Structures are given as structure tokens and as C-alpha cells.
Amino acid sequence: MAIKVGGTDVITNARQLSNIASVDSTTVTALSNAGVGSGAGKFSATADGAIAIGKPVALQTNGTVKQITETVNDLGTPAAYLNTTENLGGPGWGYQPSMAYFSTYKFLYQVYMYNNNAVLRSYNYNETNGHLTGVTGRDSQQANEWDTCMTLAYDPVRLTMGLLVQQSSVLKLYLYYVKSDASLGSNVVTVTSDAPTKDVQHCLVCDRATGYYHVFYNVEGSYYDIRASIYTPVVSANGTVTSITTIASDDLVYNLPGETDTFLSAVKDESSTSDFMLVHKRENDKAMQADYFTHNSSGVSNVGSAIYESGTTTGNQATSIAYNTEDAKFVVTSNYGNPSHAHIYTLLKPSSTGGNPTLSGSAINYTTSNLATNVSSRLLYDPKVKDVLVCYWDNSANEIRVRRVDSSGTSPTVGTVLSIKSSDGSGYLLNDFVYLDVINRFMVYGRSTGSNGHQSAGFRTSTVTTNNTDWIGFAESAISNSASGDILLIGSVAENQSGLTIGSTYYVQVDGTLDTASGSAIKAGRAIAADKLIITEGNTA
């Protein structure tokens, strides 16, 4: 089949370039300099820098080609970026989030749907109603209302979003998708009808590798347990979630000693296939506990547990967790009520299957201020500078602050404080932050106790440059610097890939990798094998 641009054939049925002048003049000049005339799906070009086999390359205006790369300029200290006040309604209830990416009971939470360039936020409006708010740019609109206990997670591969919501003792999982008119459609499944009515007793994690939504929650009755279930959406060709499949249901993670535990936060171990770390507050002795375990279609297995901070009756209030993929460590917080402090620890996974997690070094105090009801800190991994960030309300300064957490050493250290937003009241009783991949910045969302209600601000830790917008094809073989080699074009099969899913569409990301996420990426082709991509696109820059 011929490929047309503006109604004119530019790739013939024989896979030859034709009528190339119909493409924009910059690309015409570059192709001409590269010697492209009528090759069959590839052309020869000189490499500007070494190019690895099978890697996507950019066509430069002098006719040379360069491997797609991303250059990160680490700013060192987080810096305010587009830090303008956005008054987004309120007032909302005075409760705080408890983890970096998946919050819990009655709390503000936000998730970035970068394929739709939108941020979705959930927060408790009053004691019995909650809102899901969609934000694109500076527009805000209420979508729906629920009771308390809302948690959001997003799957950027299958373009679905999970909302875990508790209504009385019933815990439900809604799986959302974006309809053709840009509104939200959904399907729903009941997780349990035996959830405690107490605060902050569930969390939600989406594994983008499998599309599984992992739900961790307390149940009560004649026993108290932390249990786990897995669900995945059935998505039709047009993106509709037609049903929800239960992969595993109501499996025991940990039997609680006499009382429901609170402040559950969990994160996937990205170095594994299906291992997770769950942290929570033990209500019987107020200690903070970490559980490391496998969670897959066979249920929960290989559970190992450890207390990482002891507690007293007036002691620990909340905990949260993030995973640093660069350092292979879990970063956790523990906010303590009396005496007031906020600790950061680093945890290591068990050294053997079924073993217990262990502490790495000692804790560091990242603020001496008494936090608002001691649960307003959040953690998030920064994939550019490869540090975890801690975002929190500082009581003494009456503002939201952020710091970098360096977990590369035996014990964690924290960097310079950036003040994000000052309250017009007695403080920020809600705060959350999320990473916006497309524009490489973080958005902070907080609820002031003053008249301004919910407000938003931004910051960044780095600036990045990339040449992926000049992508033209794939290197057929490795090319040394200044040497010539063949570049595969539209219609050719780019081999020497890895980990592709047959039938999925792949995009050239800003760092030169292939992924199914389209944000800030250039569409390249479809996988025909785990290591082969048929090039279906021709980028004309």
C-alpha cells in the first residue's frame, strides 16, 4: 500500500521514496544531503556520535544522523516553576494524604493522565461527600460525588484510571476511561463489604507492566486483617472499559493484633515482577510496620515483616512510601506526634524469598515542625534526577515545602528546602503533588484553611532537552562515530528490540526508548514480535 502525504504518494507500493518534494522543505534538504532518493525502505547516512544497533535516530539538517538521547540538567535544589496561585475551589475537609502516589481516606489526591494532558484530583468535600475534579490547563470542573476514602491510580499504557472509594463499610473500585466526547465513562466492582469505618485503611497501586490494579485494605468483623485483591479492566478496541476481571481476591497479607491498622501505603518493587512493599501504622502499639510480599494471580505469598519505628499512645501518626529505582531502596516517612518530628528511613528488600525487610542505616529528621494532624507528607520518585522528593506542610513556617531525599548512601540525607505555597489561614490541611511527564514539572495541590480554599503551584528539579522530534528511522546495525550505516525507514522492520508486546503501537520517547505511552513521544510503529517493530510512520519534523 502506498503512503501519501497531502494526497501525494511519498512511499510507493514497492517501498520506494517518491515525490519527496511534497514533504516540508527542511526535511527535503536533510534527506537530499543524506543521499536519499529512491532506496527501498532504508538509506545510508553518516553518524554524528556512535549509534547502537536497533536504536532510533534523528536526522540532522546537515544530513548526518544522531541517536535519540535526552540530556538532563540537574538544578540541584528544586526551583519554583509557573508558581502562580490557582484558586480551584473548596473549602473541603481538613484531612491529609498519606503517601506519594496513592492516598487514602478523606484526602486530596491527584493523578496525571498525560496521554490526555489532564490532571485528575479527588478530595473530600465534607464529611459525607467527595469530588473527582478534572483539570486541563487552568480549567476545573467537578465530575462526580462520592462518600469518603478516595484513592486514584492511572495506567498510561491502557489509558484507564482506578478510583478506590469507600462508602460506609463497602469498598468499591471504579475503573474509568475517556470517552470520545472527553467525558469519563466507568465500570465498577465491589472489593469488600466488610471494610472498617475507621480512617485511612486502604490504598491502590497500578502495575503498568500488567495492567493490574492491586488493592490493599483492612477488613473487620470477628478478625482484623490486611488483605489484597487484583483487578484488571477489559478494554474494547475503542478504549471502553466493558467489564472488570478479578485476578485474585481477598488474600491475606497480615493478621492484625487485635485492632484495625491505619495509614496503609504501598508501592511496587520495580526491580521485580510482582513484589510489593506495604507500610502501615499498628494501632495496638502505634509502631510503624513494613511488609514485603509477592502479589500475583496466585494470591499473596512470601510475606516478610519488620517494625521500622516503635511507637507510643501519643506517638506515630502516619507513614508513606516510594521506591527509588536507581538506588533499589524504599524510602519511607514516619510522622510522630509527641514529641513532634518527621523521620525518613530507607528500607531494603529481603535478602531471600520470604525474608524480612531491613533498615539501611539510620533515620533523618526532615522537619522539626509538628505536622498538621501529622499526616500531611507525601513521597514521589523523580525519574530525571533519580531522587525521591518529600512534599510536606511545615507548621512553623505555615507553608508547603519540598526537599530532595538522597538514598544512595547507607543512611538517607535531605537537600535544601523549597517553599512552595504559603497559607492564607492557619495552614495547609491537604497537600499532594504529582509529576507531569510531558512538561517535566511537578504540580502541588493544597487546601488552605483560609478563604482561598484549594490552590495549585508548580516546581521542577531539572531541565531537559531531546532530539526525538527529529526522529527519522532506526539503525540497522551499530554505527561508529563518523562512519556510515543504513537507517531503516517506514515499511521496514526494526529488529534488535526487546520486551515489545505484539500488536501494540510504540512511540519514540524523549530518552530514545520505545514505549506505548504517547506523551511527548513520536509514533514509530507496531510490534510484530517481542524484538521486532514494523515502522509504520515517517516523521517529517
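Please refer to the structure placed before this passage.
Everything in this summary refers to the structure shown in the same document.

Each value, and the rule that gives it
- Residues numbered from 1 in each chain as written.
- Predicted model: local features only at pLDDT ≥ 70, side-chain atom pairs only at ≥ 80, totals over all residues.
- Heavy atoms only, no water.
- Pairing = 2+ DSSP bridges.
- Helix = DSSP H or I, 4+ residues; strand = E, 2+ residues; numbered from the N terminus.
- Axes fitted to C-alpha atoms, helices over the stretch in contact; angles between N-to-C directions.
- Salt bridge = Lys/Arg side-chain N within 4 Å of Asp/Glu carboxyl O.
- Buried < 20%, exposed > 50% of the residue type's maximum accessible area, 1.4 Å probe, protein only.

## Topic: the sheet that holds strand E4 (residues 56–59)
Line of reasoning, step 1. Across the sheet, five strands lie side by side as E3-E38-E37-E4-E5; this open sheet has antiparallel pairing. If you trace the sheet from one side to the other, it starts and ends with strand E3 (42–46) and strand E5 (65–67), each paired once. Adjacent strand axes in the sheet meet at a mean angle of 45 degrees when their direction is disregarded.
Line of reasoning, step 2. Relative to E5, E4 runs antiparallel, the two being bridged by three bridges. Bridge assignment links Leu59 to a residue of E5, and that residue is Val65.

## Observations regarding the pattern of salt bridges
Line of reasoning, step 1. Scanning the model with the defined rule gives 14 salt bridges in all.
Line of reasoning, step 2. The salt bridge involving Lys42 is made with Glu476; its shortest N-O contact spans 3.3 Å. Here Lys42 is found in strand E3, whereas its partner Glu476 is found in the loop between strand E37 (471–475) and strand E38 (484–488), with 434 residues between them in sequence.
Line of reasoning, step 3. Residue classification places Glu476 among the partly exposed positions, given a relative accessible area of 32%.
Line of reasoning, step 4. Between Lys523 and Glu537 there is a salt bridge, with its nearest N and O atoms 3.9 Å apart. Placement of the pair is Lys523 in strand E42 (residues 522–529) and Glu537 in the segment after strand E43 (532–535), with a sequence separation of 14 residues.
Line of reasoning, step 5. It is possible to trace a salt-bridge network through shared partners that takes in Lys42, Glu476 and Asp486.

## Remarks on the pairing of strand E17 (residues 212–219)
Line of reasoning, step 1. By the criterion of burial, E17 is predominantly enclosed, with seven of the eight residues buried.
Line of reasoning, step 2. Pairing between strand E16 (residues 202–207) and E17: six bridges, direction antiparallel. Paired with His202 across the bridge in E17 is Tyr217.
Line of reasoning, step 3. Bridge analysis of E17 against strand E18 (residues 225–235) gives seven bridges, and the strand direction is antiparallel. Residue Tyr217 lies in a different strand from E18, and its bridge partner there is Arg227.

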